Each structure stands twice: as C-alpha cells, then as structure tokens.
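What follows is the residue order along each chain.
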Amino acid sequence: MNRWMSQFGGEPLSGEEIAALPKHALLGRDATLVEVQGSFAGMDGAPRSGFALLGLILSDPSGGIFLKFTAPAARVAAEREKFFTLASSLRLDQD
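I will try to describe carefully the structure that is included in this document. These figures come from a predicted structure and were not determined experimentally. All residue numbers here refer to positions counted from 1 along the written sequence of the relevant chain. Only residues with pLDDT of at least 70 are given local features in this predicted model, and only at 80 or more are side-chain atom pairs given and counted; all residues enter the totals for whole chains, interfaces and linings. Side-chain numbers come from the whole structure's heavy atoms, not from hydrogens or water.

Salt-bridge detection follows one rule: a side-chain nitrogen of Lys or Arg within 4 Å of a carboxyl oxygen of Asp or Glu. Within the structure shown, the criterion is met by five salt bridges. Arg80 serves as the salt-bridge partner of Glu35, at 2.8 Å between the closest nitrogen and oxygen. Here Glu35 is found in strand 2 (residues 29–41), whereas its partner Arg80 is found in helix 3 (residues 73–89), with 45 residues between them in sequence. We classify Glu35 as partly exposed; its relative accessible area is 44%. The class of Arg80 is partly exposed, set by a relative accessible area of 27%. Put simply, Asp44 and Arg48 hold a salt bridge, and the shortest N to O gap is 3.1 Å. Residue class for Asp44 comes out exposed when judged on its relative accessible area of 54%. The exposure class of Arg48 is partly exposed, given its relative accessible area of 29%. Connected via shared salt-bridge partners are Glu35, Arg80 and Glu81. Strands here are runs of E lasting at least two residues and helices are runs of H or I lasting at least four, both read from the DSSP assignment and numbered beginning at the N terminus. Using a 1.4 Å probe on the protein chains alone, a residue whose accessible area is under 20% of its type maximum counts as buried, one over 50% counts as exposed, and one in between counts as partly exposed.

The following block contains the structure:
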C-alpha cells in the first residue's frame, strides 16, 4: 500500500491510518481500499500528471492479493463502479 502511495509522492501511512481505510469486497472478503490522485511515477519512473489509482488489498499470513487500476484520473472516475463490480464478482476456486 505504501509503495502505491509513494508512486504518487505520498507519505507512508501508519498502521492506524491503514486500519481506518474503507473496505470493499474482493474474493468474498473485506479488502482495504486505496485511492490516490496526482502525479504518478510508475515502473519506468517517468512522472505522469493527472493520474489516479484505485486499488484493493487483501492480506493475511498466507500472502496477499492485489487488484489495482491506474490511469488518467478521468478514466478511473468513469470506470470506478465497474472496478467495484469486478472486484465483487471474483471468487477463488475451492478445489
């Protein structure tokens, strides 16, 4: 989560701040919702202004699952509900 924040130039969140973030369904469980806007520096390090990130993080002792959408802020806003619909529809195979 804090890596995502740093990609937008944000300060790391404390444990208390992370615990206070909203939740949304992912794989039938409550995942932590991360929303950030601003200048985005991705893997290539080149800054892109006017971007947004919408992400969900599920983590437990066995590992983590991440669902992330990064794009120009207007695109993220336009697709926000579809992102949540997708997240709510995903399920793990129980076999």
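Picking up after the structure, the text goes on.
Our focus in this paragraph is the pairing of strand 2. In this structure, strand 1 (residues 23–26) lies alongside strand 2, joined through four bridges in antiparallel fashion. Looking at strand 2, one finds that His24 is bridged to Ala31. Should DSSP find at least two bridges between two strands, the strands are regarded as paired. The hairpin turn running from strand 1 into strand 2, its antiparallel successor, is two residues long, and Leu27 in that turn takes a positive phi close to 55°. The hairpin formed by strand 2 and strand 3 (residues 47–60) contains five residues between the paired strands, and Gly45 there has a positive phi angle of roughly 80°.

To estimate the expected span of a helix, subtract one from its residue number and multiply by 1.5 Å. The end-to-end C-alpha distance of helix 3 is 24 Å, a good match for the 24 Å that 17 residues give at a rise of 1.5 Å each. Bending of helix 3 peaks at approximately 55° at the position of Glu79. Listing the buried residues of helix 3 in full gives Ala73, Val76, Phe83, Phe84 and Ala87. Contacts are assigned to residue pairs with any non-hydrogen atoms lying within 4.5 Å of each other. Those residues of helix 3 that are buried are in contact with strand 1, strand 2, strand 3 and strand 4 (63–72). Note on bend: at a given residue it equals the angle between the axes fitted to the 7 residues ending there and to the 7 starting there.

How two aromatic rings sit relative to each other is given by the distance of their centres and the angle of their planes. Stacked, tilted and edge-to-face are the three classes applied to pairs of Phe, Tyr and Trp rings, where Trp contributes its six-membered ring and a pair requires centres within 6.5 Å; stacked means planes under 30 degrees apart, edge-to-face means over 60, and tilted covers the rest. Under the counting rule described, the total for this entry stands at four aromatic pairs. With 6.2 Å between their ring centres and 70° between their planes, Trp4 and Phe66 make a pair best called edge-to-face. Taken together, the positions of Trp4 in helix 1 (residues 2–7) and Phe66 in strand 4 put the pair 62 residues apart, joining distant regions of the chain. Residue classification places Trp4 among the buried residues on the basis of a relative accessible area of 5%. The exposed category is assigned to Phe66, whose relative accessible area is 54%. Seen in terms of ring centroids, Phe8 and Phe40 are 5.1 Å apart; in terms of plane orientation they differ by 35°. Their pairing is tilted. You can see Phe8 sitting in the loop between helix 1 and helix 2 (15–20) and its partner Phe40 sitting in strand 2, a full 32 residues away along the chain. According to the relative accessible area criterion, Phe8 is buried, its value standing at 10%.

Functional significance is not addressed by these values, which are geometric in nature.
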